[in-house]
Amino acid sequence: MIYLNITGYTVEKLEDPFGLLSGERYEFFLDLDIDEEDELYSEKGVGLRVLFVVNQNEFKIANYHFFEKGNDEVFDFVLEDDEEEIVIKFCKEHLED
């Protein structure tokens with residue numbers, strides 16, 4: 001299990017200029033505090049990019065990836081179910097920030 005502690009973030013609402021997609025989309029960049037003992041740990045820091053979809057009363061993660069800060073190298077890790085719930089809750093609470 002990844003030790004998931006969100007320490008900061010940025011969010012941007014994405015525009016759909018052609019109106020092809022249903023719902024609204026937001027791009028979150030989450031700053032994570034990863035324990036040094038975790039295999040995901042990097043001295044440069046680790047972030048999580050999340051494409052978050054809001055469609056009526058449905059909230060979900062459409063896509064995400066972990067990355068190393070500084071060089072944006074993508075890490076091949078997946079969120080566990082409980083971690084995904086934490087991210088969804090966080091994104092729901094910070095949509096309009």
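Look above for the structure.
Residues numbered from 1 in each chain as written. Predicted model: local features only at pLDDT ≥ 70, side-chain atom pairs only at ≥ 80, totals over all residues. Heavy atoms only, no water.

Quick look at unusual backbone geometry now. Non-glycine residue Gln56 carries a positive phi angle of around 60 degrees. If you check the backbone angles, Asp72 has positive phi at about 55 degrees while not being a glycine. Here Asp72 shows up in the loop between β4 (58-68) and β5 (74-75). (Helix = DSSP H or I, 4+ residues; strand = E, 2+ residues; numbered from the N terminus.)

Ordered by their spatial adjacency, five strands build an open sheet running β1-β2-β3-β4-β5, and the pairing between neighbours is antiparallel. Sheet topology places β1 (6-14) and β5 at the edges, where each strand pairs with a single neighbour. Pairing analysis gives two bridges linking β4 to β5, with the strands arranged antiparallel. Residue pairing across strands places Phe66 opposite Phe75, the latter belonging to β5. (Pairing = 2+ DSSP bridges.)

Looking now at a negative patch on the surface. Taken together, the side chains of Asp33, Asp35, Glu36, Glu37 and Glu43 make up a negatively charged region of the molecular surface. Its location among the elements puts Asp35 in the loop between β2 (24-32) and β3 (46-55). Residue Asp35 is classed as partly exposed on the basis of its relative accessible area of 39%. (Patch = residues over 30% accessible without salt bridge, like charges linked within 9 Å, V, L, I, M, F, W, Y side chains within 5 Å. Areas by Shrake-Rupley, 256 points an atom, 1.4 Å probe, with all protein chains shown as cover. Salt bridge = Lys/Arg side-chain N within 4 Å of Asp/Glu carboxyl O. Lys, Arg positive; Asp, Glu negative; His and termini not counted. Charge placed at Lys NZ, Arg CZ, Asp CG, Glu CD. Buried < 20%, exposed > 50% of the residue type's maximum accessible area, 1.4 Å probe, protein only.)

For the rest of this paragraph, the subject is the packing of aromatic side chains. How two aromatic rings sit relative to each other is given by the distance of their centres and the angle of their planes. For the coordinates displayed, the defined rule picks out seven aromatic pairs. On the numbers, 6.4 Å between centres and 25 degrees between planes, the contact of Phe52 with Phe59 is stacked. The class for Phe52 is buried, based on a relative accessible area of 0%. Under the relative-accessibility criterion, Phe59 is labelled partly exposed at 28%. Measuring from centroid to centroid gives 6.5 Å for Phe75 and Phe77, while their planes differ by 80 degrees, and the two rings are edge-to-face. Three or more aromatic residues joined by ring pairs form one cluster here, namely Tyr9, Phe28, Phe52, Phe59 and Phe90. Over the ring of Phe59 we find Lys92, and its NZ or CZ is 4.7 Å from the ring centre. (Phe/Tyr/Trp six-rings, centres within 6.5 Å; stacked < 30°, edge-to-face > 60°. Lys NZ or Arg CZ within 6 Å of the ring centre and 35° of its normal.)

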